[in-house]
Every structure is written in structure tokens, then in C-alpha cells.
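The chain contents come next:
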Amino acid sequence: AEPLCGHDFVVDACVDRIREARRRDDPFRLTRRERGKVFLVGAGPGDPGLLTVKARDLLRRCDTVVYDYLVNEEILNVVLPDAEKIYVGKVG
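So, a few notes on the structure that sits alongside this text. These numbers come from a predicted model, not from an experiment. (Residues numbered from 1 in each chain as written. Predicted model: local features only at pLDDT ≥ 70, side-chain atom pairs only at ≥ 80, totals over all residues. Heavy atoms only, no water.)

Tallying each qualifying case throughout the model produces one aromatic pair. A centroid spacing of 5.5 Å and a plane angle of 55 degrees characterise the contact between Y67 and Y87, whose relative ring orientation is tilted. Taken together, the residues Y67 in strand β1 (residues 64–67) and Y87 in strand β2 (residues 84–87) connect sequence positions 20 residues apart. (Phe/Tyr/Trp six-rings, centres within 6.5 Å; stacked < 30°, edge-to-face > 60°. Helix = DSSP H or I, 4+ residues; strand = E, 2+ residues; numbered from the N terminus.)

Quick look at the structure:
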């Protein structure tokens, strides 16, 4: 029989306990996977037809959108219905 510490399930359990302990010590500390990503997407002159394919694809996948009064409503229709939309105003 092999020593127990060499088995993958023991190693995985140890890693999980270390991560759990880190979270208890600092509740605001997030792992790289938990942090997510932020993309800044410009809407150009405001015409939804001029939105880049990359921008459209990002908007279709995002969890949260922060936008101002310059954004055309048609562009916001691309965002998933359950995504959080945060209006920040910003009047020039």
C-alpha cells in the first residue's frame, strides 16, 4: 500500500483546505478564477450597427454592465436580460 499523502484526493483536499483558510483570514481575498475580468467597451458614435463584433460578443456574455447616458438603448438590448445593468449618469 502507498502512503496516503501520495493520493490525488488527499492533495486536492489539502489544497481546498488551504484555500478555505485563506478565505476565512481575508474575506475580500479572491482567487484568480473568482476575480473575473473587466473590459472597457466603447460604443463609438452610438449606432448599434457600428459596434465591433468583439464588443457585441463581450456584451452578450457579461454579468454586469456599467453604462452612461451616451449609450444607445439598442446596444443595451444585446446584454443578457439577467445581467446587472448599472447606470452611472455622466452628463457632459
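Moving on, we get to the pattern of salt bridges. Where side chains of opposite charge bring their charged atoms close, a pairing between them can arise. Counted under the stated rule, the structure contains one salt bridge. Note that R56 and D57 form a salt bridge whose closest N and O atoms lie 3.2 Å from each other. With a relative accessible area of 28%, R56 lands in the partly exposed category. (Salt bridge = Lys/Arg side-chain N within 4 Å of Asp/Glu carboxyl O. Buried < 20%, exposed > 50% of the residue type's maximum accessible area, 1.4 Å probe, protein only.)

A few words on the nonpolar core. L51, A55, L59, C62, V65, Y67, I75, L76, V79 and A83 form the largest nonpolar core, which has 10 residues in total. Among the secondary structure elements, those contributing two or more residues to this core are α3 (53–61), β1 and α4 (73–76). (Core = buried A, V, L, I, M, F, W, Y, C linked by side-chain atoms within 4.5 Å.)

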